Amino acid sequence: MNDKKNTLKHLDDLIESVSDIESVGAPPFFKNKVLSKLGKLDNQEDVLTVLNWFTPKLQIAALLAFVFLNLGVLYYYNSSNQKEKIQTFAEAYGISSTQEDSILN
């Protein structure tokens with residue numbers, strides 16, 4: 001029973017201690033300073049720092065190198081493919097000089 005009285009007394013003391021709290025005034029222009037600092041932080045986070053060295057000039061140069069490399073590979077593929085087609089055609093009609101299944105051999 002004594003614990004209930006002590007608990008009630010502690011609750012009353014706690015409630016009374018809240019009434020003793022005084023409000024604290026913020027210094028003038030505090031809100032403006034905080035908002036300006038937050039605005040600066042937001043602007044700094046928007047900048048990408050991962051690929052900032054990859055400027056538009058380098059992007060265009062990389063794109064051109066990629067295009068020329070692909071065109072070279074396609075030209076080489078088509079020319080080798082054309083040689084194979086001509087060789088296959090010549091072997092099919094028996095006019096190839098590399099024919100190994102000749103009667104004379």
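Residues numbered from 1 in each chain as written. Predicted model: local features only at pLDDT ≥ 70, side-chain atom pairs only at ≥ 80, totals over all residues. Heavy atoms only, no water.

Turning our attention to the overall build of the protein chain. Helix and strand counts for the protein chain come out as 3 helices and 0 strands. Each helix and strand of the protein chain, ordered N terminal to C terminal, gives the series α-α-α. Split into buried and exposed, the 105 residues of the protein chain put 2% on the buried side. Carbon together with sulfur atoms contributes 63% to the accessible area of the protein chain, which is approximately 10,700 Å² in total. (Helix = DSSP H or I, 4+ residues; strand = E, 2+ residues; numbered from the N terminus. Buried < 20%, exposed > 50% of the residue type's maximum accessible area, 1.4 Å probe, protein only. Areas by Shrake-Rupley, 256 points an atom, 1.4 Å probe, with all protein chains shown as cover.)

On the surface, Ile-60, Leu-63, Leu-64, Phe-66, Val-67, Phe-68, Leu-71 and Leu-74 cluster together to form a nonpolar patch covering roughly 830 Å² of accessible area. The topology assignment puts Val-67 in helix α3 (residues 56-93). Here Val-67 falls in the partly exposed class, since its relative accessible area comes to 37%. (Patch = residues over 30% accessible without salt bridge, like charges linked within 9 Å, V, L, I, M, F, W, Y side chains within 5 Å. Salt bridge = Lys/Arg side-chain N within 4 Å of Asp/Glu carboxyl O.)

Moving on to a negative patch on the surface. A cluster of acidic residues, Asp-12, Asp-13, Glu-16, Asp-20 and Glu-22, forms a negative patch at the surface. By the element assignment, Asp-13 lies in helix α1 (residues 2-19). (Lys, Arg positive; Asp, Glu negative; His and termini not counted. Charge placed at Lys NZ, Arg CZ, Asp CG, Glu CD.)

Residues spaced three or four apart along an α-helix face the same direction, because each turn holds 3.6 residues. The terminal C-alpha atoms of α1 lie 26 Å apart, and with 18 residues this matches the ideal 26 Å at 1.5 Å per residue to within 8%. Within α1, only 0 of the 18 residues are buried, which leaves the element largely exposed. (Expected span 1.5 Å × (residues − 1).)

The predicted coordinates ought not to be read in detail in places where the model reports low pLDDT. When pLDDT is averaged across the protein chain, the result is 79; 81% of the residues are at 70 or more. The element-level mean pLDDT for the protein chain is lowest in helix α2 (residues 30-46), coming to 75, with α3 highest at 88. (pLDDT = per-residue confidence, 0-100.)

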